[in-house]
Amino acid sequence: MKVYTEKNKIIDAIAELKSQKLSIGMVPTMGALHQGHLQLVIKALEDNEVVVVSVFVNPTQFDNKDDLEKYPRTLDDDVELLKTVSKDAIIVYAPSVDDIYEGNTVSETFDFDGLEFEMEGRFRHGHFDGVGTIVKRFFDIVKPHNAYFGEKDFQQLQIIKKLVEKQHIPVNVIGCKIHRETSGLAMSSRNTRLKPEHKLAAPFIYKILKTAKTHFGTKSANKVTEWVENQFKNHDVLELEYFSIADTGTLKPVKRKSNNKTYRAFIAVYAGDIRLIDNIALN
Ligand code: PAF
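Draft legend 1. Geometry of the nonpolar core. Among the nonpolar cores identified, the biggest contains 43 residues, and Ile10, Val52, Tyr93, Ile100, Val135, Phe139 and Phe149 are the most heavily contacted of them. In terms of residue count, the dominant contributor to this core is helix H7 (residues 127-142) (eight residues). Core analysis: the next-biggest nonpolar cluster, separate from the first, contains 27 residues, Leu194, Ala265, Val269 and Ile274 among them.

Draft legend 2. Layout of the side chain of His34. With respect to the element layout, His34 can be found in the loop between strand E2 (24-29) and helix H2 (35-47). Here the side chain of His34 touches Gly36 through a polar contact of 3.0 Å, landing on its backbone nitrogen. Every residue in contact with His34, bar those within four places of it in the chain, is listed here: Leu81, Met187, Ser188 and Ser189.

Draft legend 3. Layout of the layout of surface pockets. Approximately 150 Å³ is the volume found for the second largest pocket. If you go around the second largest pocket, you meet 13 residues; those closest to its centre are Met30, Val55, Phe56, Val57 and Arg73. Of the residues in the lining of the second largest pocket, the class split is nine nonpolar, two polar and two charged.

Draft legend 4. Structural detail: the sheet that holds strand E8 (residues 263-271). Taken together, three strands build an open sheet; the order of strands is E7-E8-E9 and the sheet is antiparallel. Edge strands, defined here as strands with exactly one partner in the open sheet, are strand E7 (238-247) and strand E9 (274-281). Averaged over all adjacent pairs, the angle separating strand axes in this sheet is 15°, with direction ignored. Bridge count for E8 against E9 is eight bridges, and the pairing is antiparallel. Counted as the bridge partner of Ile267 is Asp278 from E9. Contacts between helix H10 (residues 204-216) and the sheet are confined to E7, E8 and E9, with E9 contributing the most and set at about 30° to the helix.

Calculation criteria
Residues numbered from 1 in each chain as written. Predicted model: local features only at pLDDT ≥ 70, side-chain atom pairs only at ≥ 80, totals over all residues. Heavy atoms only, no water. Core = buried A, V, L, I, M, F, W, Y, C linked by side-chain atoms within 4.5 Å. Buried < 20%, exposed > 50% of the residue type's maximum accessible area, 1.4 Å probe, protein only. Helix = DSSP H or I, 4+ residues; strand = E, 2+ residues; numbered from the N terminus. Polar contact = N/O pair within 3.5 Å; in protein donor to acceptor, adjacent residues only side chain to side chain. Contact = heavy atoms within 4.5 Å. 1 Å grid on protein atoms, 1.4 Å probe; cavity = no way out; pocket = protein on both sides within 12 Å on 5 of 7 lines; lining within 4 Å. Points joined across faces, edges and corners; volume = space filled by probe spheres on them. Nonpolar A, V, L, I, M, F, W, Y, C, P; charged D, E, K, R; others polar. Pairing = 2+ DSSP bridges. Axes fitted to C-alpha atoms, helices over the stretch in contact; angles between N-to-C directions.

Printed below as a string of structure tokens:
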């Protein structure tokens, strides 16, 4: 499997592949790959002849230095895992911070029509400017036909669709379903950092989301939110940061339910110092 660390080299390699009229898929990741990432790669391999998997822990999207430092970096294992799904159709792009930012590690500022101010945007300042900056750069370097993102980061997915629309970037952005551990916990690279007692408690998050979905059938968004907040009030291990029932398109919290709109419930929870997010479609 070819692993590129320099953008000039991968740009040349992609140009060669494009001259052969091959379809290029891209799965941007921050590494520490797990089965959830592999599902994105498998879907990308079904749709494209070549799949570029980027492995890059992007500093500009972290508002917490400690989280950035502790983020797992496991490139050799990532490459081995990718080889289990294809040895010759995957290209890895694992650049250094300098290769990407060229000595100026700062974000661009974006206007995502307000999507950036909801939920994660309220708690992780500058996060979506960092995500927008790196994804725009990757699209510029790799120029994929199709790019795949997980719905676990549903707000990120909507923001990337907005980025592509507003900046006229010629790529199809494809959202892929959340992959879960058998316990129901949404797969995340951060799960490997959970202490045993937190790992044991964390499936509670999805259990609450599923029950909230049932309640949403008969109760208002406010009542469901109140119910969820109460479930976490006296929890020994998990600390709720936010729960929000929002319109799927605008991500704004729903005030009154309407039959012709789709909604999702979003949650962020601390298990010790690990922040976990999840979401569920409600209708
Ligand atoms: O979802 C992620 O892993 C990251 O936010 C992404 C899209 C790779 C950008 O760094």
